[in-house]
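As a plain string of letters, each chain reads:
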Amino acid sequence: MAKISIGLIQASHEIEGSAPVEVHKEASIQKHITLVREAAARGAKIIGLQEVFYGPYFCTEQTPKWYASAEQVPEGPTTRRFQELAKELAVVLILPVYEVEGIASYYNTAAVIDADGTYLGKYRKHHIPHVEAGEGTNGFWEKYYFKPGNLGYPVFDTAYAKVGVYICYDRHFPEGARLLGLAGAEIVFNPSATVAGTSEYLWKLEQPAHAVANGYYVAAINRVGMEAPWNMGEFYGQSYLVDPRGRMVAMGSRDRDEVVIGEMDTELIREVRNVWQFYRDRRPETYEHLVSL
């Protein structure tokens, strides 16, 4: 398929943080099933959800309560449930969840599910922030919850396109973005949870730059709204699809639950890569010092 419809789902989370984990998960899963169905009905073939989609952005506090929301991937019930949905709708899904492996190893993970419901594999977020944000004790306290990813930068050969995944804070690091391109990615999904403030101006700067530097599409997804009781800041939405020339193909609103639909043109990828020969003109033999610094 030369042209493929891409669906990006951005959503708010209204349930107050003190509610049981199971309540958060089921409400979010039901909401996102509805939104995935809407995306498919509007023609989307590859659909990406936001970071740790089935609850609030709980990393704004540090409490063991949220460990109970983690599941095995792919054996867990949420991955299985969305495998069935992907098969029913014949869509590829990028499904960001909280993963537990073994006794107590936790990861910020995205499962990739093919259009026939097959689980293709997973990406684990590599770069884990641990920084203050908002007022009081709020922050992106992710090192409390997640180990750094250890599965490299895989590219998944789906029914419709070659898909890479980068998660939220990863987007500030160009090295992994380049590795995804070298591995053949045609589109990279970046599910995020980011609030207004210091880094907002980078939202529409860094990822278009990755798209241009690597000759692929980037699908950037951010949740919307405020989440109580923390109210760390406004999740400012504006999920978008950007093409290999750095042009915005589609963009969502700042403050509404929304399915954003954009078209990906694989012929444009080839055209851009043929014009800008960044891969041909790389000098990897001169970069060795980079990893030793």
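Keep in mind it's a predicted model, so treat the numbers as computed, not measured.

This part covers the side chain of Glu142. Positionally, Glu142 belongs in the loop between strand E7 (139-141) and strand E8 (155-157). For Glu142, a relative accessible area of 1% translates into the label buried.

Let us now look at the packing of helix H3 (residues 174-182) against helix H4 (residues 206-214). The N-to-C vectors of H3 and H4 enclose an angle of 40°; their axes lie 10 Å apart at closest approach. Accordingly, the angle class assigned to the pair H3 and H4 is oblique. In the crossing of H3 with H4, the sense of the turn from one axis to the other is right-handed. Between H3, through Pro174, Ala177 and Arg178, and H4, the contact on the second element is made entirely by His210, Ala213 and Asn214. Of the residues in the contact of H3 with H4, the class split is three nonpolar, two polar and one charged.

This next bit is on the sheet that holds strand E11 (residues 217-222). Taking strand neighbours across the sheet as the criterion, the six strands line up as E8-E9-E10-E11-E14-E15 in an open arrangement whose pairing is mixed. The sheet terminates laterally at E8 and strand E15 (248-251), the two strands that pair on one side only. Across the sheet, the mean angle separating the axes of adjacent strands is 20° when strand polarity is ignored. Bridge count between E8 and strand E9 (residues 162-165): three bridges; the pairing is antiparallel. Directly across from Phe156, in E9, lies its bridge partner Val163.

A word on the UniProt feature "domain: CN hydrolase" (unreviewed entry) in the protein. UniProt feature "domain: CN hydrolase" (unreviewed entry): in the numbering of this structure it lies at residues 4-266. Annotation note: span residues 4-266, helix share 20%, strand share 30%, distance between end C-alpha atoms 8 Å.

Another aspect to go through is the environment of Gly164. Note that Gly164 resides in strand E9. Gly164 sits 21 residues away from Ala185 along the chain, and the two C-alpha atoms are 5.5 Å apart. What Gly164 contacts, discounting residues up to four positions off in sequence, is Pro154, Leu180, Ala185, Ile187, Val188 and Phe189.

Definitions and cut-offs
- Residues numbered from 1 in each chain as written.
- Predicted model: local features only at pLDDT ≥ 70, side-chain atom pairs only at ≥ 80, totals over all residues.
- Heavy atoms only, no water.
- Helix = DSSP H or I, 4+ residues; strand = E, 2+ residues; numbered from the N terminus.
- Buried < 20%, exposed > 50% of the residue type's maximum accessible area, 1.4 Å probe, protein only.
- Axes fitted to C-alpha atoms, helices over the stretch in contact; angles between N-to-C directions.
- Parallel < 35°, antiparallel > 145°, perpendicular 65-115°, else oblique.
- Left-handed = near helix turned anticlockwise from the far one by under 90°.
- Contact = heavy atoms within 4.5 Å.
- Nonpolar A, V, L, I, M, F, W, Y, C, P; charged D, E, K, R; others polar.
- Pairing = 2+ DSSP bridges.
- UniProt positions renumbered as here; feature names shortened; annotations may be inferred.

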